[in-house]
Amino acid sequence: MKYLYRLYQLLVGIPVIVVATIITAIEVGVGCAIGNGHFWGYYPGHWWGKVILRILLIPVTVEGRENLERDQSYVFVANHQGAFDIFLIYGYLNRNFKWMMKYQINKIPFVGFACRKSHQIMVDKRGVSKIKKTYEDARRILEQGYSVTVFPEGARSFTGHMGQFRKGAFALADELQLPVVPLTINGSFNILPRMRDWHFIDWHPLSLTIHQAIYPVGKGPDNVSATMRQAYDSVMSGLVPEYQGYVENPDQ
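Attention here is on the structure that accompanies the text. (Residues numbered from 1 in each chain as written. Predicted model: local features only at pLDDT ≥ 70, side-chain atom pairs only at ≥ 80, totals over all residues. Heavy atoms only, no water.)

1. Some thoughts on the packing of helix α1 (residues 2-34) against helix α3 (residues 43-55)
Consideration 1: Where α1 meets α3, the axes come as close as 10 Å, and the angle between the chain directions of the two elements is 180 degrees. Judged on the interaxial angle alone, α3 and α1 are roughly antiparallel. The residues of α3 that touch α1, namely those facing Y8, V12, V16, I17, A20, T21, T24, E27 and V28, are P44, G45, W48, I52 and I55.
Consideration 2: In terms of residue class, the contact of α1 with α3 is built from 10 nonpolar, three polar and one charged. (Axes fitted to C-alpha atoms, helices over the stretch in contact; angles between N-to-C directions. Helix = DSSP H or I, 4+ residues; strand = E, 2+ residues; numbered from the N terminus. Parallel < 35°, antiparallel > 145°, perpendicular 65-115°, else oblique. Contact = heavy atoms within 4.5 Å. Nonpolar A, V, L, I, M, F, W, Y, C, P; charged D, E, K, R; others polar.)

Here is the structure:
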């Protein structure tokens with residue numbers, strides 16, 4: 001079955017993914033340029049995530065959508081097991097949001113163009129002024145009523161386990177007094193570990209757990225630390241036993 005699935009990826013999955021990615025990027029870029037960025041900046045990507053997982057025959061389960069309020073902006077924080085985290089969250093979180101992503105994604109053909117046009121938040125740490133701009137962009141997006149999704153570990157896991165959380169997303173939530181929603185992803189590391197980028201994927205179910213929102217209690221460093229600790233514990237609690245426990249991530 002493994003080799004049959006790989007043949008399917010080669011003949012069906014990869015061609016469809018490449019075409020779908022190019023079409024989606026063009027839709028996002030053109031749509032945002034001519035108007036209604038709220039729609040075009042999210043929904044093509046939302047459908048793209050679903051199409052990719054379905055064409056690869058990956059089953060998805062989602063728990064906890066009842067924990068989200070309809071018109072509330074959130075700062076979503078998730079563990080970062082692998083590349084398939086993107087498809088899972090985009091396709092199945094079912095919230096209009098912007099990503100906080102590494103600025104290097106700008107260099108990816110078509111994808112970088114779509115990200116710029118849809119005003120995704122590029123995290124650039126090459127100097128104080130660029131870091132400041134990242135936070136200003138995120139603040140502006142949240143003040144417009146969007147939500148933001150962040151991987152606070154800063155990089156994909158090498159082991160499937162969680163590394164440390166950085167405080168940037170939590171400081172932003174504290175400043176704007178917004179609730180933080182932890183997300184736990186299971187299965188992404190099993191599908192495509194970071195060490196095997198550009199290899200065939202392995203079939204494995206994916207799951208997304210949406211935990212209860214953590215609302216601010218006060219404002220300042222104590223609230224940031226408490227929220228970050230509570231979010232970390234929530235995400236960790238949703239991991240399957242195989243990936244429970246902290247493991248240091250070398251490039252975090």
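2. As for unusual backbone geometry
Consideration 1: At N94, a residue that is not glycine, the phi angle is positive and equals roughly 65 degrees.
Consideration 2: Turning to its location among the elements, N94 is positioned in the loop between α4 (84-92) and β3 (97-102).
Consideration 3: By relative accessible area, N94 is classed as partly exposed at 37%. (Buried < 20%, exposed > 50% of the residue type's maximum accessible area, 1.4 Å probe, protein only.)

3. Comments concerning α3
Consideration 1: Counted at 1.5 Å a residue, the expected span for α3 with its 13 residues is 18 Å, and the 18 Å between its end C-alpha atoms agrees.
Consideration 2: For α3, the complete set of buried residues consists of P44, G45, H46, W48, G49, I52 and L53.
Consideration 3: Turning to α3, the residues buried within the fold contact α1, α2 (37-40), β1 (60-63), α4 and β7 (206-210).
Consideration 4: Following α3 by one or two positions, L57 adopts a phi angle in the positive range, close to 65 degrees. (Expected span 1.5 Å × (residues − 1).)

4. Here's the deal with the side chain of H161
Consideration 1: For H161, the location among the structural elements is in the loop between β5 (147-150) and α7 (168-176).
Consideration 2: Engagement of the side chain of H161 in a polar contact is seen with the backbone oxygen of E242, the distance being 3.4 Å.
Consideration 3: Those residues in contact with H161, other than ones at most four positions away along the chain, are E153, E242, Y243, Q244, G245 and V247. (Polar contact = N/O pair within 3.5 Å; in protein donor to acceptor, adjacent residues only side chain to side chain.)

So far we have only geometry, and geometry alone does not tell us how the molecule works.
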